Amino acid sequence: MRLLQCINTSEYGLTKEFVDDSTIPPYAILSHTWGADTEEVTFEDLMNSTGKDKPGYEKILFCGEQARRDKLQYFWIDTCCINKDNNAELSQAINSMFRWYRNATQCYVYLTDVSSLSETDVGSTLQQWESDFWKSKWFTRGWTLQELLAPSSVNFFSREWRKLGDKISLKQQIHKITGVPVLALQGAPLSQFDVNERLSWQNNRHTKLEEDRAYSLLGIFGVYVAPVYGEGKARAFKRLMDEIAKLERCIQDLHLTDPRYDKKRIEETKGGLLNDAYYWVLESSDFQQWRNDRQSQLLWIKGDPGKGKTMLLCGIVNELKNSMAKTNLLSYFFCQATDARLNNATAVLRGLLYLLVDQQPSLISHVRKKYDHASKSLFEDANAWVALSDIFKNIIQDPTLKKIYLVIDALDECVTDLPKLLDFIVYASSTSVRVKWLLSSRNELHIEQRLRSADERMRLSLELKENAKQVSRAVNSYIDYKLSRLESLEDEDLRDRVRDILRRKANGTFLWVALVVQELERPESWDPLQVVDEVPAELHRLYDRMVNQIQQLSEKNSELCRRILSIATVVYRPLHLAEIGGLCGLPGQISVLTKNVRKIVAMCGSFLTVRDDQVYLIHQSAKDYLSDEARTTIFPCQAKTHHYIFLQSLELLSSTLRRDMYCLIAPAFPINLVQVPEQDPLGTTRYSCVHWVGHLWDSVSSETTRQNDNSEDGDAVYAFFEKKYLYWLEALSLCKSMSEGVISMTKLQTLFKGRKNASALVELIQDAYRFIMYHKWTIENSPLQTYASALLFSPARSLVRRLFEEEEPEAITIKPIVEERWSACLQTLEGHSSHVISVAFSHDSARLASASDDSTVKIWDTSSGECLQTLEGHSRAVMSVTFSYDSAWLASASNDHTVKIWDANSGECLQTLEGHSYGVRS
Ligand SMILES: Nc1ncnc2c1ncn2[C@@H]1O[C@H](COP(=O)(O)OP(=O)(O)OP(=O)(O)O)[C@@H](O)[C@H]1O
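Described below are features of the structure shown in this document. Per chain, the residues get numbers from 1 upward, laid out in the order the sequence is written. Only residues with pLDDT of at least 70 are given local features in this predicted model, and only at 80 or more are side-chain atom pairs given and counted; all residues enter the totals for whole chains, interfaces and linings.

1. Here's the deal with helix 19 (residues 384–396)
The test is simple: In this description a helix means any DSSP run of H or I spanning at least four residues, a strand means any run of E spanning at least two, and both kinds are numbered starting from the N terminus. Multiplying 1.5 Å by the residue count of a helix minus one yields the expected span of that helix. We call two residues in contact whenever the C-beta atoms placed from their backbones are within 7 Å.
Compared with the 18 Å implied by 1.5 Å per residue over 13 residues, the 18 Å span of helix 19 between its first and last C-alpha is a close match. Lining the buried residues of helix 19 we find helix 16 (345–359), helix 17 (364–374), helix 18 (377–380) and helix 20 (418–431).

So, in structure tokens, the structure goes:
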């Protein structure tokens, strides 16, 4: 990007070209409508110091003068800052324009057809410019749409250089003229508006060249399309729409969770964010240094359980969002050990990436480079971490980025691959000055050790003297706020006495206060003084007390509470009230279950909280407490709870699963048109359907116990498959969880392999495994094909086919001729675009590499059949492929005369061996 600057009074010249966006100084940008080509000052004019006599020079003078008034040394104008004779530069400019407008400090819209001359002439004159404004040509041009939307500050000027207002003060008029929603004018991310709506904003606009109708929308959709003038409008739009479709699919697949909703949910379940209780941190010297010092890349906030770290980070995110420059990006992630979507390193990177891409869609190009070959498996397979961390490294080096704030809460709750994540953060914070990391966790030694290599000074300990004082003060404000809302404490004197006791006992722990206040809110706490007097000052002892209270309930209620608590402690995701009710063996329809379980949850002390009918443990410390071995005297041990959930799930599924649960009728009914019925037959069993095998697996915690025969479990699985296997597959498809079904079948094979006296079960599981592997794709896309093409195209003597013979479609009398038994072919791996020349197994047979005439090598997961990697780099057919002895590397020989050595995990090409003068065959 080149900018204009003042050389001497009223003379302007071009700067050098800025290649890296982070080096571009603040600048203003002009938005206008073009005059005739001969009237505009061009790049060439500026190079040759000509063009001052052209009418377009007035625009340069205007923009330069206005920039000077706004104390901006530089400005940009599309007529003369791009060398349009250079095709590469023009193409790059077209694809960068949206970003250039977005990054401008000020955008000036110069309206040559709006006059404000007689503005002082009150009344009619004001009307006059307004009516010109409504009719202005600027609103009818194609490119000006992005010029309106991209910059945060857009100011409108009359031809006399008089300011008329900005896009916020004139938002209602602009909305009426253009049809663009006020929200979009106010700066809401454009991705919030669906594709058709965004396209409609272009409806009444025109461009000089027909292809520009499409090209002028690139930035609005965040896609890249190389301009090919002459291709025609239809083709340009087709390419645009194809790119948009690919982008949407990629973002959908990247989405695992939206951290914005997680943050909102966390704040709500924790009772709402109180500003007074976190403001102190914004003033603290550690935070200030992190915020303002260019060298300060990382801040780690650490503290004991319940000290308010998560809420502190929610507050900091709000503060950053409100105060940072519009050109900066902010992304965050809240880890939660209790939720499988939020408790691993890959999920953290996916969440952070999702928010970054949402703010700056052009960043998706870094994801697409890998995604276009691997599709959704890129984010989920065994190499997901390697791929995502690579993508992340590229993003933070992206020259179009200014500054990025990345916030990760509760690192200690990232249960899978935390060391990898910490190493990555340390690496990334030392290699990019553009990124500022803000982390939080409990005081855990292993985190301390990993982060040690980062700057020692960059930690903010909540237990350190000065900070501890601040936390204590914040806790006091929190106590005051909470008590002021308690009806039972209207009496001022009583409230003061309760407050004093709480302040004395709180020990700087928010959570303790929150739990005691919940206790004060209970109807039976009619004597608040007694409650706060008796309540123990330590969090653990408070939990002990809550357990004691549960034990004093009637036997039945106490048993139910303990069951619910033990289930809530081990499940892989938070459960719906009805799901947890079903697992507890409570009778009734969903609505009755929901109502009853809500009552039981209320009896569980303050261990649980309900939001949107989902049951959550109040806090990680509550889960830690309930998971503690010592508690097994009161609660069953975790293995037992897993086993209980397994059995109960099978019972629930056996009584609810049946054919065509959503009344789809037609076998080919596609899954993407399926709507969940209001009375969802899977409402209580959704969790069980996906996770029953996982709980069986976890109930058998060690390899040795796994070998032990538990014939009753085997019998239960056999009985379930015998009666319900196909209905289960249909339900898995309806729950969009076929992949989990495949993993479950693999686990069952491992669990029962070699069991004594279980040959019938092993055979059935084997047959059922072949069935799901063979028909996964079909059932996944049309749930009812389970009973049509899946059954009909299974071998005649397949056990599953014979068991469910009566489910075969009666209307089909002439059935396809099929093999007697499952053939020796376990899987067909499809994906190469030309013939396959060579294949090789890794040494543990877990992966398979295939070399193809399409110049690529693919690596496959042999158990699931998923393509893990596509290795691209050869320019001609790949003739041979082989793994190294430890399967860490892969060599490929090609007709392009080279041999390449690849990292078999990351897919990175490590070396290209050149020297042969002919194709290499092996
Ligand atoms: N600023 C705040 N506004 C409102 N409530 C707060 C605030 N800070 C803390 N709390 C209350 O204190 C409880 C504990 O806070 P939080 O979960 O943030 O602690 P934490 O330090 O992250 O704990 P852990 O390390 O165990 O996860 C919250 O559930 C909430 O009820």
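2. Notes on the pairing of strand 16 (residues 836–841)
The cut-off we apply is this: Any two strands are treated as partners once DSSP identifies two or more bridges connecting them.
As paired strands, strand 16 and strand 17 (residues 847–852) are joined by five bridges and run antiparallel to one another. Bridge pairing links Val 839 to Ser 850 in strand 17. A loop of five residues connects strand 16 with strand 17, the two strands running antiparallel in sequence, and Ser 845 in this loop sits at a positive phi of about 60 degrees.

3. Digging into the environment of Arg 504
Our working rule: Whether a residue is buried, exposed or partly exposed follows from its count of other C-beta atoms within 10 Å of its own C-beta, namely 20 or more, 12 or fewer, or something in between, respectively; the C-beta atoms are built from the backbone.
You can see Arg 504 is positioned in helix 23 (residues 492–505). Note on Arg 504: 10 C-beta atoms within 10 Å, which makes it exposed. For the pair Arg 504 and Asn 476, spaced 28 residues apart in the sequence, the C-alpha separation amounts to 9.7 Å.

4. So, the pairing of strand 9 (residues 329–334)
The buried fraction of strand 9 is high, at five of six residues. Bridge analysis of strand 9 against strand 10 (residues 404–409) gives six bridges, and the strand direction is parallel. The residue of strand 10 that forms the bridge with Leu 329 is Ile 404.

5. Considering the environment of Phe 157
Note that Phe 157 resides in strand 6 (residues 154–157). When the C-alpha positions of Phe 157 and Tyr 110 are compared, they lie 5.1 Å apart, and in sequence the two are 47 residues distant. Among all residues touching Phe 157, those that are not within four sequence positions of it are Tyr 108, Val 109, Tyr 110, Leu 111, Arg 162, Lys 163 and Leu 164.

6. Some remarks on the site of the ligand
Stated formally: By definition, a residue lies near a molecule or strand when the C-beta atom built from its backbone is within 6 Å of it. Just so you know the grouping, Ala, Val, Leu, Ile, Met, Phe, Trp, Tyr, Cys and Pro go in nonpolar, Asp, Glu, Lys and Arg go in charged, and all remaining residues, Gly too, go in polar.
By nearness alone, 23 residues border the ligand, and Ala 277, Pro 305, Thr 310, Met 311 and Phe 510 come closest of all. In terms of residue class, the shell around the ligand is made up of 11 nonpolar, eight polar and four charged.

7. Things to note about the environment of Asp 624
With respect to the helices and strands, Asp 624 occurs in helix 30 (residues 620–627). Given 16 C-beta atoms within a 10 Å radius, Asp 624 is considered partly exposed. Put simply, Asp 624 and Thr 569 are 55 residues apart on the chain and 8.7 Å apart in space, counted from C-alpha to C-alpha.

8. Some points on the sheet that holds strand 9
To be explicit about the condition: Between N-to-C directions, angles cover 0 to 180 degrees, with each direction set by a line fitted to C-alpha atoms, over the stretch in contact for helices.
With respect to topology, five strands assemble into an open sheet ordered 9-10-11-8-12, the strand pairing being parallel. Of all strands in the sheet, those bounded by a partner on one side alone are strand 9 and strand 12 (459–461). Going from strand to strand, the sheet's axes swing by 10 degrees on average, the running direction of each strand aside.

9. Focus: the packing of helix 12 (residues 259–269) against helix 15 (residues 309–323)
To be explicit about the condition: Angle categories are assigned with fixed cut-offs, so that under 35 degrees is roughly parallel, over 145 is roughly antiparallel, 65 to 115 is roughly perpendicular, and the rest are oblique. By the definition used in this description, the sense in which the near helix is turned from the far one sets the handedness, with an anticlockwise turn below a right angle giving left-handed and a clockwise turn giving right-handed.
Close contact between helix 12 and helix 15 brings their axes to 11 Å; oriented N to C, the two are set at 130 degrees. Relative to helix 15, the element helix 12 is oriented oblique. In the packing of helix 12 onto helix 15, the handedness of the crossing is left-handed. Counted together, Lys 263, Ile 266 and Glu 267 of helix 12 and Thr 310, Cys 314 and Val 317 of helix 15 form the full contact between these two elements. Looking at the contact of helix 12 with helix 15, its residues break down into three nonpolar, one polar and two charged.

10. Overview of the sheet that holds strand 2 (residues 11–14)
Strand order across the open sheet formed by seven strands is 2-1-4-3-5-6-7, with mixed pairing between neighbours. Taken across any chain shown, the strands that pair with only one partner, and hence form the sheet edges, are strand 2 and strand 7 (163–166). With direction set aside, neighbouring strand axes in the sheet form an average angle of 35 degrees. The pairing of strand 3 (residues 27–31) with strand 4 (residues 74–76) spans three bridges and is parallel.

11. Some words on unusual backbone geometry
Phi angles above zero are rare outside glycine, and Ser 49 is one such case at about 50 degrees. Tracing the sequence through the fold places Ser 49 in the loop between helix 1 (43–47) and helix 2 (57–69). On the neighbour-count criterion, Ser 49 (10 C-beta atoms within 10 Å) is exposed. You will see that Trp 161, though not glycine, has its phi angle at about 70 degrees, which is positive. For Trp 161, the position within the fold is in the loop between strand 6 and strand 7. Residue Trp 161 is classed as partly exposed on the basis of its 16 C-beta neighbours within 10 Å.

12. A closer look at the nonpolar core
Which entries qualify depends on this criterion: Only buried Ala, Val, Leu, Ile, Met, Phe, Trp, Tyr and Cys residues enter a nonpolar core, and they are joined through C-beta atoms within 7 Å.
Counting 245 residues, the largest nonpolar core has Tyr 27, Ile 29, Phe 75, Val 348, Leu 353, Val 513 and Ile 564 as its most contacted members. It is helix 34 (residues 711–734) that contributes the most residues to this core, 10 residues altogether. Leaving out residues up to four positions away in the same chain, Leu 353 has contacts with Leu 254, Val 367, Ile 391 and Phe 392.

13. Considerations on helix 12
The periodicity of an α-helix, 3.6 residues per turn, causes residues three or four places apart in sequence to face the same way. The condition that has to hold: Read the arc as the range of directions from the helix axis to the C-beta atoms.
Along helix 12, the positions that sit buried rather than exposed are Pro 259, Asp 262, Lys 263 and Ile 266. Seen along its axis, helix 12 keeps its buried residues to an arc of 100 degrees; they face one direction. In this structure, helix 12 carries Tyr 261 and Lys 264 as exposed residues pointing more than 90 degrees from its buried face. On its buried face, helix 12 sits against helix 15, strand 9 and helix 16. At the exit of helix 12 stands Gly 271, carrying a positive phi of roughly 95 degrees.

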